[in-house]
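What follows is the residue order along each chain.
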Amino acid sequence: ILAEAGAIAVVGAVGGAVTGVALVLVVEALGGIPLWGAAADFMREMGISSVLHLSADPGQVALAAGAMATVAVLAAWWPARRASRLEPMEAVRYVE
């Protein structure tokens, strides 16, 4: 059970990282995210550009993917550990 959860976690983490990097590249190709309204006015008053620019550092992407995979494996491990300690008949008794 844990190996399957690990494989799903890795696929999800890599897929999420690739999707995130692709989104950053698309947003930057379009020139960033322009702010509007009061947020844009405040940024201009502070002397800061009212366009948000994104970046995707390879180290940050790898760290985020690793954290996602770790959390997913731990989230699968905890209930699997609890279930493995139950007697089969006791577990079936509480199923509706």
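See the structure above.
Quick caveat: nothing in here was measured; it's all calculated off a predicted structure.

Visitor: Quick question: what am I supposed to make of the overall build of the chain here?
Guide: Scanning the chain for helices and strands turns up four helices and two strands. When its helices and strands are written in sequence order, the chain yields α-β-α-β-α-α. Scaling as 2.2 N^0.38, a compact globule of 96 residues should have a C-alpha radius of gyration of about 12 Å, whereas the chain reaches 22 Å, well beyond that. C-alpha extents for the chain along the principal axes are approximately 70 × 30 × 20 Å. Out of the 96 residues in the chain, the part that is buried amounts to 14%. In the chain, 56% of the contacts between residues at least 6 apart in sequence involve partners at least 24 apart. Carbon and sulfur atoms make up 71% of the accessible area of the chain, which totals about 7,400 Å².

Visitor: Explain the pattern of salt bridges to me, please; I cannot follow it from the model alone.
Guide: Note that side chains of opposite charge can pair when their charged atoms are close. Applying the stated criterion across every chain, the model contains one salt bridge. When the shortest N-O distance is used, the salt bridge between D41 and R44 registers 3.1 Å. You can see D41 and its partner R44 sitting in helix α2 (residues 37-45), three residues apart, about one turn around the helix.

Visitor: Just to check I follow, could you spell out the packing of helix α1 (residues 2-29) against helix α3 (residues 58-84) for this structure?
Guide: Each pair of packed helices can be described by the angle between their axes along with the distance between the axes. Two elements in contact, α1 and α3, have axes separated by 8 Å at closest approach and are oriented at 150 degrees. In this view, α1 runs roughly antiparallel relative to α3, as classed from their interaxial angle. Crossing handedness for the pair α1 and α3: right-handed. Facing α1, whose interface residues are L2, A5, G6, A9, A13, A17 and V21, α3 presents V61, A65, M68, A69, A72, V73, A76 and W77. Considering only residue class, the contact of α1 with α3 consists of 14 nonpolar, one polar and no charged.

Visitor: Honestly, the environment of G6 in this entry has me stumped. Any pointers?
Guide: Along the chain, the position of G6 falls in helix α1. Of the residues examined, G6 reaches a relative accessible area of 17% and is grouped as buried. Between the C-alpha atoms of G6 and R81, which are 75 residues apart in sequence, the distance is 14 Å.

Visitor: How do you make sense of the environment of G31 when you look at a structure like this?
Guide: Note on placement: G31 falls in the loop between α1 and β1 (33-34). Residues G31 and Q60 lie 29 residues apart in sequence; the distance between their C-alpha atoms is 22 Å. With near-sequence residues (within four places) excluded, G31 lies in contact with V51 and H53.

The rules behind these values
- Per-chain numbering applies: the sequence of each chain, read as written, is numbered from 1 onward.
- At least 70 in pLDDT is required for a residue's local features to be given in this predicted model, at least 80 for side-chain atom pairs to be given and counted, and no such filter applies to totals for whole chains, interfaces and linings, which use all residues.
- Computation of side-chain values covers all heavy atoms of the structure but excludes hydrogens and water.
- Only runs of H or I of at least four residues qualify as helices and only runs of E of at least two qualify as strands under DSSP, and these elements are numbered from the N terminus.
- For the radius of gyration, the atom set is restricted to C-alpha positions; the globular benchmark scales as 2.2 Å times the number of residues to the power 0.38.
- The cut-offs for exposure are 20% and 50% of the maximum accessible area for each residue type, with area from a 1.4 Å probe on protein chains only; residues under the lower value are buried, those over the upper are exposed, and the others partly exposed.
- Whether two residues touch is decided by their heavy atoms; if any such pair falls within 4.5 Å, the residues are in contact.
- Using a 1.4 Å probe, the Shrake-Rupley method yields the accessible areas, and only the shown protein chains count as cover for residues.
- Whenever a carboxyl oxygen of Asp or Glu lies within 4 Å of a side-chain nitrogen of Lys or Arg, that contact is scored as a salt bridge.
- With axes taken as lines fitted to C-alpha atoms, and helix axes fitted only over the stretch in contact, angles between N-to-C directions fall between 0 and 180 degrees.
- For classification purposes, an angle smaller than 35 degrees is called roughly parallel, one larger than 145 roughly antiparallel, one from 65 to 115 roughly perpendicular, and anything else oblique.
- Note: crossing handedness is left-handed where the near helix turns anticlockwise from the far helix by less than a right angle, and right-handed where it turns clockwise.
- Just so you know the grouping, Ala, Val, Leu, Ile, Met, Phe, Trp, Tyr, Cys and Pro go in nonpolar, Asp, Glu, Lys and Arg go in charged, and all remaining residues, Gly too, go in polar.

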